[in-house]
Amino acid sequence: MEKGIIKRLKKGDRKALAKIITEIEKDYNKIPEIFKNEKYEYPLILGITGPPGSGKSTLIGKIIKHLKDIKIAMFLIDPSSKLKRGAILGDRLRIEEKPGDTIYIRSFSTGNTTSGLSFVLPAVSRLVKLAGYDLIFIETVGAGQIEDIICDFADKTYLVIQPASGDEIQAIKSGIIERIEGIIINKSDLSGAMSMYNIFKMIYSDKFIINTSAEKEEGIDKFALQIRNDLKDRVKLKNRKQRKLFELKFYIREMLFREIDKKININLVEDDTDPLITAKKIAKHMLQ
Amino acid sequence: MQKRRKKIVIAKPGLDGHDRGAKVIARALRDKGYDVLYTGIRKAPEEIIRIVIDEDADCLGLSCLSGAHKELFKRVMDILKKERVKIPVFAGGIIPEEDIEYLKSIGINRVFGPGTKTDDIILYVDKLWKKA
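Overview of the structure.

Cut-offs applied
Residues numbered from 1 in each chain as written. Chains lettered and ligands numbered in written order. Predicted model: local features only at pLDDT ≥ 70, side-chain atom pairs only at ≥ 80, totals over all residues. Helix = DSSP H or I, 4+ residues; strand = E, 2+ residues; numbered from the N terminus. Rg over C-alpha atoms; globule rule 2.2 N^0.38 Å. Contact = placed C-beta atoms within 7 Å. Buried ≥ 20, exposed ≤ 12 C-beta atoms within 10 Å, placed from the backbone. Pairing = 2+ DSSP bridges. Axes fitted to C-alpha atoms, helices over the stretch in contact; angles between N-to-C directions. Parallel < 35°, antiparallel > 145°, perpendicular 65-115°, else oblique. Left-handed = near helix turned anticlockwise from the far one by under 90°. Nonpolar A, V, L, I, M, F, W, Y, C, P; charged D, E, K, R; others polar. Expected span 1.5 Å × (residues − 1). Arc of directions from axis to C-beta.

### Overview of the overall build of chain B
So, point 1. Helix and strand counts for chain B stand at five helices and five strands.
So, point 2. The N-to-C order of helical and strand elements in chain B reads β-α-β-α-β-α-β-α-β-α.
So, point 3. The C-alpha radius of gyration computed for chain B amounts to 14 Å, which stays within 12% of the reference 14 Å derived for 132 residues, consistent with globular compactness.
So, point 4. With respect to the principal axes defined by its C-alpha atoms, chain B has extents near 45 × 35 × 30 Å.
So, point 5. A sequence separation of at least 24 residues applies to 73% of the contacts in chain B between residues at least 6 apart.

What follows is the structure in structure tokens.
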């Protein structure tokens, strides 16, 4: 790695930040080395999740101008192809940033992690803290019901949905909805937005629920205010131990998943044995 | 773990809103295993370079169908130079033969005019890192 680049990073040099992220993406083994002499610290992390096309990117893109005084980083995740391994990184085009804004935005492909997060996400979150950023928005891949690992990683997570995406039964189902801080009903210029609001407000009276229209810039100020409160509300932040535990589980899960993907092949299929018995045998072996 | 894929930014500077071609190229490059970031239409050269720097892109593809390619691409190349970003830049769109020499003189690595086959662009991009 370039000499003095960590020093430049700490001064808030965007180019240094961008280059170090690339280094980590190329070789994960550099992560411990980079942080060897640094404090273990995270900024506030807010997760933004929801189905594809619900307006996550547009929404966080519009919020920038309401939070100009805060040093924000945005990490935008899009899926890698399982067939061809490439990805279309198509979130950033919806985000309005002006040259000169302090915001730092970076797009990631999932790289076929089982979590749908990028493998380098914990490390790059700590990196931006070193560079002096106070807040990270993480926009997940399109998701909806059980993809709640973002709730484990982020301090708080907001679910972005659109009107007419289900009735009361959908709203009381188990899953991510139990774990989130708030629900943003985006595209609320479309019909059904108010009844959606009423359904959720009735069931989750303790959650932050608002109607927004990112396109028409309505309700964005309310969301910005909520984020300012999140920044002040340090009590609820994940602590050092919790963060380290997350990283531990996250890395192990991804590593094991990769091993399973690589090593469990047709040769391990036994003709006269129930697959469950074979699976127990292999799992026991792997965890030894 | 899957390591970093080469990251290519496909950008549309200026006021032209025709991006069918840019999207076709973006998808073709994705299918070859690249991470392709599409900037969307109507970006200022300054905005494009900001994206290239933040994302630490490995390559930049510019598309322009409005006829203002000489001015817009020049501005992009000037800022790249000022920011000391050294990555290969290729261009495509409605670009007349007689402009190609000029575009190469300002540092554009390769120009793809009307009638270019997607495969030619893929072949060009694939070769970029083979030498290194």
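### Some details on the pairing of strand β6 (residues 156-161) of chain A
Residue and element names in this part refer to chain A.
So, point 1. With six of its six residues buried, β6 lies for the most part within the structure.
So, point 2. By the alternation rule, side chains of β6 split into Lys156, Tyr158 and Val160 and Thr157, Leu159 and Ile161, which are all buried.
So, point 3. By the bridge criterion, four bridges tie strand β1 (residues 44-49) to β6 in an arrangement that is parallel. Bridging from a neighbouring strand, Thr49 pairs with Leu159 of β6.
So, point 4. Of the strand pairs in this sheet, β6 and strand β7 (residues 182-185) are connected by four bridges, and their pairing is parallel. Looking at β7, one finds that Leu159 is bridged to Ile183.

### A closer look at the packing of helix α2 (residues 14-26) of chain A against helix α5 (residues 121-130) of chain A
Residues and elements named next belong to chain A.
So, point 1. In the contact formed by α2 and α5, the axes pass within 11 Å of each other and the chain directions differ by 160°. As the angle between them shows, α2 and α5 are arranged roughly antiparallel. Two packed elements cross with a definite hand, and for α2 against α5 that hand is right-handed. Contacts between α2 and α5 involve Leu17, Ile20, Ile21 and Ile24 on the former and, on the latter, Ala123, Val124, Leu127 and Val128.
So, point 2. By residue class, the composition of the contact of α2 with α5 is eight nonpolar, no polar and no charged.

### Concerning the sheet that holds strand β3 (residues 87-89) of chain A
So, point 1. Spatial ordering of the open sheet is given by β3(A)-β2(B)-β1(B)-β3(B)-β4(B)-β5(B), a layout of six strands whose pairing is parallel. Of all strands in the sheet, those bounded by a partner on one side alone are β3 of chain A together with β5 (110-112) of chain B. Strand-to-strand twist of the sheet, defined as the mean angle between neighbouring strand axes without regard to direction, takes the value 20°.
So, point 2. Examined bridge by bridge, strand β4 (residues 89-93) of chain B and β5(B) share three bridges and lie parallel to one another.

### Points about helix α9 (residues 220-232) of chain A
Residue and element names in this part refer to chain A.
So, point 1. With 13 residues, α9 ought to run about 18 Å at 1.5 Å a step, and its terminal C-alpha atoms sit 19 Å apart, in line with that.
So, point 2. Within the sequence span of α9, burial applies to Ile220, Phe223, Ile227 and Asp230. Summarising the axial view, the buried residues of α9 lie within an arc of 70°, below the 170-degree limit, and thus occupy one face. Pointing more than 90 degrees away from the buried face of α9 are the exposed residues Asn229 and Lys232.

### Quick notes on the sheet that holds β6(A)
All names here are of chain A.
So, point 1. Strand order in the open sheet formed by seven strands is β4-β2-β5-β1-β6-β7-β8, and the pairing between neighbours is parallel. Single-partner strands in this sheet number two, and they are β4 (104-109) and β8 (208-211). Strand-to-strand twist of the sheet, defined as the mean angle between neighbouring strand axes without regard to direction, takes the value 20°.
So, point 2. In the packing of helix α8 (residues 193-203) onto the sheet, contacts are made with β7 and β8, and the angle to β8 comes to roughly 175°.
So, point 3. Sitting on the sheet, α9 is in contact with β1, β5 (135-139), β6, β7 and β8, with an inclination near 145° to β1.

### Considering the environment of Glu46(B)
So, point 1. Along the chain, Glu46(B) turns up in helix α2 (residues 45-55).
So, point 2. With 15 C-beta atoms counted inside 10 Å, the residue Glu46(B) sits in the partly exposed group.
So, point 3. Linking Glu46(B) and Ile79(B), residues 33 residues apart in sequence, is a C-alpha distance of 7.3 Å.
So, point 4. When residues no more than four places from it in sequence are discounted, the contact partners of Glu46(B) are Pro99(A) and Ile79(B).

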